[in-house]
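Notes for the structure review
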Amino acid sequence: MTLNELPDLDPAAGTVETAELVVEDDVLVKLFALGPGGAFDPHVHDGCENVFHLLTGEIVVTQDDVKETVRAPAVVHNPRGVEHGAKNESEDLALLTASLCPLP
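Read on for a plain summary of the structure. (Residues numbered from 1 in each chain as written. Predicted model: local features only at pLDDT ≥ 70, side-chain atom pairs only at ≥ 80, totals over all residues. Heavy atoms only, no water.)

Focus on unusual backbone geometry
Here the amide bond leading from A72 into P73 is cis, since omega sits at -5°, within 30 degrees of zero. With respect to the secondary-structure elements, P73 resides in the loop between strand 6 (66-71) and strand 7 (74-78). Here the phi dihedral of D64 falls at roughly 50°; this positive angle occurs in a residue that is not glycine. In this fold, D64 is placed in the loop between strand 5 (58-63) and strand 6. (Helix = DSSP H or I, 4+ residues; strand = E, 2+ residues; numbered from the N terminus.)

Examining the environment of P11
If you trace the backbone, P11 turns up in the segment before strand 1 (16-23). Each C-alpha atom, one on P11 and one on P36, is 8.6 Å from the other, the two residues being 25 residues apart in sequence. Dropping the residues within four chain positions of it, P11 is found in contact with V16, E17, A33, L34, G35 and L93. (Contact = heavy atoms within 4.5 Å.)

What about the nonpolar core?
In this structure, L34, F52, I59, V70 and L96 are the most contacted members of the largest nonpolar core, which totals 14 residues. The set of elements that each furnish at least two residues to this core consists of strand 2 (28-34), strand 4 (49-56), strand 5, strand 7 and strand 9 (94-101). The dominant element in this core, judged by the number of residues it contributes, is strand 9, at 3 residues. Setting aside anything within four residues of it in sequence, one finds I59 in contact with L34, L54, E68, T69, V70, A86, K87, A94 and L96. (Core = buried A, V, L, I, M, F, W, Y, C linked by side-chain atoms within 4.5 Å. Buried < 20%, exposed > 50% of the residue type's maximum accessible area, 1.4 Å probe, protein only.)

Overview of the pairing of strand 4
Two strands pair when backbone bridges link them, and strand 4 and strand 9 are joined in this way by 7 bridges, in the antiparallel orientation. Across the sheet, N50 pairs through a bridge with L100, a residue of strand 9. In this sheet, strand 7 lies alongside strand 4 in antiparallel orientation, the contact comprising 5 bridges. Within strand 7, the residue paired with F52 across the bridge is V76. (Pairing = 2+ DSSP bridges.)

What to know about the sheet that holds strand 7
Pairing in this open sheet of 5 strands is antiparallel, and the strands run 1-2-9-4-7 from one edge to the other. Across the chains shown, the open sheet's two edge strands, defined by having one partner strand only, are strand 1 and strand 7. Strand-to-strand, the axes of this sheet are offset by a mean angle of 20°, without reference to chain direction. Of the pairings in the sheet, the one linking strand 1 to strand 2 comprises 7 bridges and is antiparallel in character. Looking across to strand 2, one finds that E17 is bridged to A33. (Axes fitted to C-alpha atoms, helices over the stretch in contact; angles between N-to-C directions.)

Laid out in structure tokens, this is it:
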């Protein structure tokens with residue numbers, strides 16, 4: 001059994017690759033690899049909490065109208081009902097997990 005292994009993702013510039021790491025009845029943990037310029041658009045989870053764990057690189061996180069550059073290692077809490085997104089504005093890979101719980 002391997003307890004500490006991430007899939008090997010290698011997104012091209014401007015793209016995002018994902019992989020589901022944990023899928024259970026009440027939690028989802030997803031891996032996001034953001035190539036340079038890669039982003040996921042701001043969105044809202046009304047019924048659950050969302051937490052980013054930035055493993056490598058740096059991203060610009062948006063929460064409602066606020067933007068902040070976050071560098072690894074970092075944890076970002078996106079509360080229920082808060083619009084949030086992320087963009088890799090650097091020239092290097094950014095790797096983060098997003099945990100969503102409880103699942104809607």
